[in-house]
Amino acid sequence: MNLTLKSPLDMHVHLRQDDMLKQVTPFTSSQFAGAVCMPNTQPPVDTIERYRAYVREVTEAASPFAFAPYVPLFFREDFSREELTAAREELFAIKLYPAGVTTNSEGGVAELSKIEPVLDMMQDLDLPLLVHGETHGYSPDREREFVSVYDHIASTFPKLRVIMEHITTSDAAEFLDKHENVFCTVTLHHMLYTLDDMLGGMFDPFLFCKPILKSPKDRAAIQSLVLSGHEKVMFGSDSAPHTEVMKRTEGMAGCFTAPMLLPMLAEFFEDHDKLELMQAFVSDNARRIYGVTPPERTVVLEKAEWTVPPRYGSIVPVNAGQTLRWKLV
Ligand code: NCD
Ligand code: ZN
């Protein structure tokens, strides 16, 4: 039995830089015709020059696959209208990180009250706003607390497309329908796991990510959102590789899921008897929401077992040792 997907897209992935970029990008480019490649590099992709260079590096690392790198610019409070207008044709979107909420976000926005002039320009230029929506509060509550910020932005700028990245809570799922201009991405790990998988027994550092995994009730809300076939929901893996040493000694946040995304998504949809919803979730919704036209590719999965290896070089994947039912052809 085969499953054929047309130009799947991963609308949120971290491909990193240098050697790690070269190592991990093929996992994404072999499965996906394009991806939103997050700009929290060091230094961040926050100027048009860095943007061009990063697009080039990703494209090179993605070869020989036809692959569209959609790179959002890292939000700077001091973007000027001239700068954004001149670059508009090339730009894809802008990603906002509140300062310090996650990996390499130190240069993010310190005061959310100061971002409105840039949001106003983005609305005029029809540049989507991608957001890591967490406050600095108690970690399980950070996303819930941020929903009021989304509400304020979406109502103040009703023509600005706002993408809530990697949503994890019932609150965010419910909020999705409040404004026409709000959309979201959902990761595989937040669909599959709860906080107990990370720390209910032996601590599993490879499941530590931002936003942290949530309760069974939140996971159920995210699953039903995806299984409802909601048209504002896009797949974005948030695959975020760190070396095993960095995960274990520095406590870096990020789950490496890139190698097994489509096989595990197929398993999820099949388990819920909804395989027919996978195409929209991994491609069609994103094409429509962003108006992108990725390279035409056909990606085929076959019903064949394989076991996830214990590590890929220095990186440990989330599902090491697990036997999966679907395999990339
Ligand atoms: C991401 C990373 O490592 O870059 N980490 C994570 O836990 N998801 C950043 C992010 O998306 O928060
Ligand atoms: Zn991310």
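Residues numbered from 1 in each chain as written. Chains lettered and ligands numbered in written order. Predicted model: local features only at pLDDT ≥ 70, side-chain atom pairs only at ≥ 80, totals over all residues. Heavy atoms only, no water.

### Thoughts on the side chain of Asp-46
And then number 1: Take Asp-46: it is sitting in the loop between β3 (34-37) and α2 (48-62).
And then number 2: Within polar-contact distance, the side chain of Asp-46 engages the side chain of Arg-50 at 2.7 Å. (Helix = DSSP H or I, 4+ residues; strand = E, 2+ residues; numbered from the N terminus. Polar contact = N/O pair within 3.5 Å; in protein donor to acceptor, adjacent residues only side chain to side chain.)

### Looking at the pairing of strand β1 (residues 2-6)
And then number 1: Residues Leu-3 and Leu-5 line the buried face of β1, whereas the alternating positions Asn-2, Thr-4 and Lys-6 sit on a face that is not buried.
And then number 2: The pairing of β1 with strand β11 (residues 298-307) spans five bridges and is antiparallel. Bridge pairing in β11 places Lys-6 opposite Thr-298. (Buried < 20%, exposed > 50% of the residue type's maximum accessible area, 1.4 Å probe, protein only. Pairing = 2+ DSSP bridges.)

### Examining the side chain of Arg-161
And then number 1: Note on placement: Arg-161 falls in the loop between α5 (142-156) and β8 (162-164).
And then number 2: At 3.1 Å, the side chain of Arg-161 and the side chain of Asp-126 are in polar contact.
And then number 3: Contacts of Arg-161, omitting those with residues within four sequence positions, involve Asp-126, Pro-128, Leu-129, Asn-181, Phe-183, Ile-289 and Tyr-290. (Contact = heavy atoms within 4.5 Å.)

### Remarks on the sheet that holds strand β2 (residues 9-13)
And then number 1: Taken together, three strands build an open sheet; the order of strands is β2-β3-β4 and the sheet is parallel. Sheet topology places β2 and β4 (68-70) at the edges, where each strand pairs with a single neighbour. Neighbour to neighbour, the strand axes of the sheet diverge by 20° on average, direction disregarded.
And then number 2: Of the strand pairs in this sheet, β2 and β3 are connected by three bridges, and their pairing is parallel. When the bridges of β3 are listed, Asp-10 appears paired with Ala-35. (Axes fitted to C-alpha atoms, helices over the stretch in contact; angles between N-to-C directions.)

### Details of the environment of Glu-89
And then number 1: Position of Glu-89 relative to the elements: it lies in the loop between α3 (81-87) and β6 (94-96).
And then number 2: By relative accessible area, which is 78% here, Glu-89 ends up exposed.
And then number 3: Considered as a pair, Glu-89 and Leu-125 are 36 residues apart in the sequence and their alpha carbons are 9.7 Å apart.

### Some points on the packing of helix α11 (residues 261-271) against helix α12 (residues 278-290)
And then number 1: Direction vectors running N to C along α11 and α12 enclose 135°, while the axes themselves pass 9 Å from each other. On the basis of their axis angle, the class for α11 and α12 is oblique. Contacts between α11 and α12 pair Leu-262, Leu-265, Ala-266 and Phe-269 from the former with Met-278, Phe-281 and Val-282 from the latter.
And then number 2: Looking at the contact of α11 with α12, its residues break down into seven nonpolar, no polar and no charged. (Parallel < 35°, antiparallel > 145°, perpendicular 65-115°, else oblique. Nonpolar A, V, L, I, M, F, W, Y, C, P; charged D, E, K, R; others polar.)

### A look at the coordination of the zinc ion (ligand 2)
And then number 1: Ligation of the zinc ion (ligand 2) by protein atoms is provided by His-12 (NE2), His-14 (NE2) and Asp-238 (OD), these donors lying 2.0 Å from the ion.
And then number 2: Classification of the site at the zinc ion (ligand 2) rests on its four donor atoms, whose angles at the metal span 91 to 140°, yielding the label irregular.
And then number 3: In primary-sequence terms, the residues that donate to the zinc ion (ligand 2) follow H-x1-H-x223-D. Residues His-12 and His-14 agree in their burial class; the two are buried. (Donors = N, O, S within 2.8 Å, 3.2 Å for Na, K, Ca; no water. Tetrahedral: all angles 85-135°; square planar, octahedral: opposite > 155°, others 65-115°.)

### Remarks on the nonpolar core
And then number 1: Judged by nonpolar contacts, the single largest core of 94 residues is most densely connected at Phe-75, Leu-265, Met-278 and Phe-281.
And then number 2: Considering each element in turn, this core owes the most residues, seven residues, to α11.
And then number 3: Setting aside its immediate chain neighbours within four residues, Phe-75 contacts Ile-94, Lys-95, Leu-96, Val-109, Ile-115, Val-118, Leu-119, Met-122 and Leu-129.
And then number 4: Counting 18 residues, the second-largest nonpolar core is a separate cluster that includes Val-36, Tyr-70, Ala-93 and Ala-286. (Core = buried A, V, L, I, M, F, W, Y, C linked by side-chain atoms within 4.5 Å.)

### Re helix α4 (residues 116-125)
And then number 1: All of the buried residues along α4 are Val-118, Leu-119, Met-121, Met-122, Gln-123 and Leu-125.
And then number 2: Among the structural elements, α3, β6, β7 (129-131) and α5 are those in contact with the buried residues of α4.
And then number 3: At the C-terminal side of α4, Asp-126 shows a positive phi close to 55°.

### Some points on a negative patch on the surface
And then number 1: Where like charges cluster on the molecular surface, the negative patch consists of Asp-18, Asp-19, Glu-57 and Glu-60.
And then number 2: At the level of elements, α1 (18-31) and α2 are the ones that each hand at least two residues to the negative patch.
And then number 3: Assignment of secondary structure puts Glu-60 in helix α2.
And then number 4: Assessed through its relative accessible area of 61%, Glu-60 is described here as exposed. (Patch = residues over 30% accessible without salt bridge, like charges linked within 9 Å, V, L, I, M, F, W, Y side chains within 5 Å. Areas by Shrake-Rupley, 256 points an atom, 1.4 Å probe, with all protein chains shown as cover. Salt bridge = Lys/Arg side-chain N within 4 Å of Asp/Glu carboxyl O. Lys, Arg positive; Asp, Glu negative; His and termini not counted. Charge placed at Lys NZ, Arg CZ, Asp CG, Glu CD.)

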